Amino acid sequence: MTVTEKDQEPTPGEVYLRERVRHLEEAAQRHQYALDVLLSITTLFGDHEQDREPGPILEKAHDCIHRLLSLEDAGYFLVDDASGFRLHYRPPGAGARADLEPGVDAFIDAFIEDGTFAWALNQNRPVCLPAKDNSEIQWVLHVIATRSRIRGMFVGRIHNQPLQRDDLGLRLLTLVLFHAAYALESADLYALLARQRQTLERVSRRQSEALAHQYSHDTLTDLPNRILFGDRLSQLLGSHQEQGERGGYLAVILMDLDHFKRINDSLGHRAGDRLLQQVATDLHGLLSDEAMTTRYRLRRAEITLSRLGGDEFGILLNAVESPDLAARVAHRLVQAVNREYEVEGHAVFLACSAGVSIHPLDGGDSETLIKNADAALHEAKRQGRNGYHFYTREMNSQSYRYLVLENALAKALSRDQLEIHYQPQICLASGRVRGMEALLRWEHPQEGMLSPPQFIPIAEETGLIEGLGAWVMQRVCRDLQRLEARGLRPEWAAVNLSPRQFRQADLVQTYRDILRRRDIPPQWIELELTESTLMQDVDAAVNSLRQLHHLGFRLAVDDFGTGYSSLSHLKNFPIHTLKVDRTFVQDAPEDANDAAIVTAIVAMAKGLGLEVIAEGVETPEQLAFVQALDCSLVQGFYYARPAPLDTLIPLLETPGGDRLHPPH
């Protein structure tokens, strides 16, 4: 060996230093890897708007682990819903070498069966196991768990790389899988929150839709309500402004059930609601019928049916070819409602009235069209109900006058504008005044003296009639006291009851209290009800009449012959008097038919033991006719017009033996 070669041979110190440098370089590299892995751990939590599935999280975890350990194969098994372990992630290309054992998924069952899996789950650290048939292969098992929950198991296979428990790679493996478990937990929480948010959004959307539907639809019939009706009308008017005459006509139809309040009062509101639902179904079926729409050249999409409130319905007919077609539809709608309904075991016959306004003829905005259709509806009711009426310009002035009278009538009592006039009822046998009918008059400051037909319908519709009726009874009682004090009181004073008063729940109690305060016997008062009022609900009428009769009132049927009552009904009414309607009396002497009717009424009344009053006697011929029939009493202009009490007193002062004579 030469000196040169000897000089080139490293000394033991140099060898040690070189090994030490290499070891430090490798350690530095591993620590650099460790730092990279620690920095990479933050990516496990990633963007949970995207990474809410186990796959992406496990893939990122494997990227960190692969830098620490030279894995030939790896598998990440997660606990499933059945508490079993299922392979969720395996790196692409893992286990591709043919000279190695089968992949990790092939060994899991064996690990589970021999208890290795369960043992590794409880170690909370890496478990390194040599392969049974190949000493160069090691298995690494590590639980994937948070501090409170096991999420799964990592299984890796390493070839020809001895591992020690304190190896840096294994220590970092624990750290990576610990964070991976929390990343999976966090992803589950985000996913749960996302599902809850989606559920909440669906519920909120459904609730919003339900609230919007409730805001715009009637809760009883599920038809569009007044709000949606008005909105739809405004939209259609806007469309008509754009299209001009090409858009055709737009009809607004308002329908109102006739005497619907009687159904609520007699059968209850539940029965009334059921009836409204049936009517809504009928109208909807009619307006949806293809034969109906084809016949009147309408399109279903151009028809809007609404319940506007109470017993009122509204219909919009768009693109109608002519007002005549709108009239035919209105007539058909009235016919559809006009029938007998079965409601909770009761047969109820129903009718309705309708008012129609047409755009552009009757208005250019929704408010005007609805107002005019409503005026037409009131005109249809005024003309007898159970029909329809088109709006005319004259109705506006009538509606305005009606409104002015309504407001003034509400103040008439407090302003002492009302007074009672009396018309005597003359006994034909004695020629004396036996009774007198109280008739209300209104001294209007601008209109002058108004008779009942000019304001009683307003009072009836608005409910003012109940207050007026109580006032009339109080005033009549006061006047009877005056006459009784002078010895001039006739046998009775007749007071009229309107249909609404007769249905008043506290009517009997109200009249009882008034008479008690005035100390007036009920026999001094005769209550008059029209035949048509009694026939609206016969059973209820019999019950109310019996209560009044039991209290002591005299009872009379007014306008008899106009209400189509039968004898079977008449005999059940506890009445004292029949009043023959003036229309029969006035034409009886010349009209054979009217004469026959009056003759039959008088004969029937006498057969039932009732007194008969012939109303409207104005001429000697009429008086002679009813005298020949042996009629009990007469009332009419022939003897006296209605007048204040002071004017009637001279008639009441006629000496006992003298008969009254006509003033002319």
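What you see is a predicted model, and the numbers here were worked out from it, not measured in a lab. (Residues numbered from 1 in each chain as written. Predicted model: local features only at pLDDT ≥ 70, side-chain atom pairs only at ≥ 80, totals over all residues. Heavy atoms only, no water.)

## Structural notes on the environment of His 159
Line of reasoning, step 1. Relative to the elements of secondary structure, His 159 occurs in strand S5 (residues 150-159).
Line of reasoning, step 2. C-alpha separation for the pair His 159 and Glu 72, spaced 87 residues apart in sequence, amounts to 6.5 Å. (Helix = DSSP H or I, 4+ residues; strand = E, 2+ residues; numbered from the N terminus.)

## Structural notes on the side chain of Asp 258
Line of reasoning, step 1. On the secondary structure map, Asp 258 appears in the loop between strand S6 (249-257) and helix H8 (260-267).
Line of reasoning, step 2. Of the residues examined, Asp 258 reaches a relative accessible area of 7% and is grouped as buried.
Line of reasoning, step 3. At 2.8 Å, the side chain of Asp 258 forms a polar contact with the side chain of Ser 353.
Line of reasoning, step 4. Ignoring anything within four residues of it in the chain, the contact list for Asp 258 reads Leu 350, Ala 351, Cys 352, Ser 353, Lys 381, Arg 385 and Asn 386. (Buried < 20%, exposed > 50% of the residue type's maximum accessible area, 1.4 Å probe, protein only. Polar contact = N/O pair within 3.5 Å; in protein donor to acceptor, adjacent residues only side chain to side chain. Contact = heavy atoms within 4.5 Å.)

## Some points on the nonpolar core
Line of reasoning, step 1. Judged by nonpolar contacts, the single largest core of 80 residues is most densely connected at Met 473, Val 476, Leu 527, Phe 573, Leu 578 and Val 634.
Line of reasoning, step 2. Among the elements that line this core, the one with the most residues is helix H15 (residues 464-485), at 10 residues.
Line of reasoning, step 3. Dropping the residues within four chain positions of it, Val 634 is found in contact with Pro 424, Gln 425, Ile 426, Leu 428, Ile 613, Ala 614, Val 617, Leu 623, Val 626 and Tyr 639. (Core = buried A, V, L, I, M, F, W, Y, C linked by side-chain atoms within 4.5 Å.)

## Observations regarding the pairing of strand S7 (residues 303-309)
Line of reasoning, step 1. Among the 7 residues in S7, 6 count as buried, and that is most of the element.
Line of reasoning, step 2. Direction of pairing for S7 relative to strand S8 (residues 312-320): antiparallel, over a ladder of 6 bridges. Paired with Leu 305 across the two strands is Ile 315, which belongs to S8.
Line of reasoning, step 3. In sequence, S7 turns back onto S8 through a hairpin of 2 residues, with Gly 310 there showing a positive phi of about 60°. (Pairing = 2+ DSSP bridges.)

## Here's the deal with the pattern of salt bridges
Line of reasoning, step 1. Enumeration according to the criterion identifies 29 salt bridges in this entry.
Line of reasoning, step 2. The salt bridge involving Lys 381 is made with Asp 256; its shortest N-O contact spans 3.1 Å. With Lys 381 in helix H12 (residues 366-382) and Asp 256 in strand S6, this residue pair connects regions lying 125 residues apart in the sequence. A single burial state applies to Lys 381 and to Asp 256, both of which are buried.
Line of reasoning, step 3. Notably, a salt bridge pairs Lys 606 with Asp 630, separated by 3.7 Å at the nearest N-O pair. In this pair, Lys 606 is assigned in helix H22 (residues 592-607) and Asp 630 in the loop between helix H23 (620-628) and strand S21 (633-635), connecting sequence segments 24 residues apart.
Line of reasoning, step 4. Residue Lys 606 is classed as partly exposed on the basis of its relative accessible area of 38%.
Line of reasoning, step 5. In the salt-bridge network here, residues are joined through shared partners; they are Arg 434, Glu 491, Glu 526, Arg 554 and Glu 611. (Salt bridge = Lys/Arg side-chain N within 4 Å of Asp/Glu carboxyl O.)

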